[in-house]
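Chain and residue survey
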Amino acid sequence: MDALNELPVWSQWLVGFFILLGAVFAFIGSLGLAVLPDFFTRLHAPTKNTTLGIGGIVIATIIVMSLQNGLSLSELLIAIFLFLTAPISAHIMAKAALHTELQMFHKTRDYRKEGDAYEHEKTDS
């Protein structure tokens, strides 16, 4: 812990801000995963909020490591991997749930039904 105390005060505040921001986003995503009613809404919470939460913590880690040891790119690779894999895996899970016709919460809007908002985009070819 002494290594963190040796950092400049402005960087300690900046790192603290990003860790707190990341923790808040991760908590909101985890809370949404536990509280929301169906698979589709539960899928949305962790893919957005938890990804941003981990992103904030990775930014704080990049700042600390850069000030202590020079520029470190390993944390940046972790962030890139996270921001690429989380949306792709969520998309695959959502498509699988739609394909298997998983039950939706009664207030979840299904745009695949006829007479809904996106009917005008359908073209008859």
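Residues numbered from 1 in each chain as written. Predicted model: local features only at pLDDT ≥ 70, side-chain atom pairs only at ≥ 80, totals over all residues. Heavy atoms only, no water.

Here we take up helix 2 (residues 9-35). For helix 2, spanning 27 residues, the distance from its first C-alpha to its last is 38 Å, which sits close to the expected 39 Å at 1.5 Å a residue. If you check which residues of helix 2 are buried, you get S11, V15, F18, G22, A26, G29 and G32. The inward-facing, buried residues of helix 2 contact helix 3 (39-69). (Helix = DSSP H or I, 4+ residues; strand = E, 2+ residues; numbered from the N terminus. Expected span 1.5 Å × (residues − 1). Buried < 20%, exposed > 50% of the residue type's maximum accessible area, 1.4 Å probe, protein only. Contact = heavy atoms within 4.5 Å.)

The terminal C-alpha atoms of helix 4 (residues 74-99) lie 38 Å apart, and with 26 residues this matches the ideal 38 Å at 1.5 Å per residue to within 8%. Along helix 4, the residues that are buried comprise E75, A79, L82, A86, A90, A94 and A97. Check the buried side of helix 4 and you find it contacts helix 3. Positive phi appears at E101, one or two residues downstream of helix 4, with a value of about 55°.

A separate point is the packing of helix 2 against helix 3. Between helix 2 and helix 3, whose axes approach to 7 Å, the crossing angle comes to 165°. Comparing their axes, helix 3 and helix 2 come out roughly antiparallel. Viewed along their axes, helix 2 and helix 3 form a crossing whose handedness is left-handed. By residue class, the composition of the contact of helix 2 with helix 3 is 18 nonpolar, 9 polar and 1 charged. (Axes fitted to C-alpha atoms, helices over the stretch in contact; angles between N-to-C directions. Parallel < 35°, antiparallel > 145°, perpendicular 65-115°, else oblique. Left-handed = near helix turned anticlockwise from the far one by under 90°. Nonpolar A, V, L, I, M, F, W, Y, C, P; charged D, E, K, R; others polar.)

This part is about the UniProt feature "transmembrane region" (unreviewed entry) in the chain. Within this numbering scheme, the UniProt entry marks residues 12-40, 52-71 and 77-98 as carrying the feature "transmembrane region" (unreviewed entry). Helix makes up 90% of residues 52-71 and strand 0%, and the two end C-alpha atoms of the span are 22 Å apart. (UniProt positions renumbered as here; feature names shortened; annotations may be inferred.)

A word on the environment of L102. Inspection of the secondary structure puts L102 in the segment after helix 4. On the basis of relative accessible area, L102 is assigned to the partly exposed category, the value being 40%. A C-alpha to C-alpha distance of 9.3 Å links L102 and D38, two positions 64 residues apart in sequence. When sequence neighbours within four positions are dropped, the list of residues in contact with L102 reads F39, F40 and A97.

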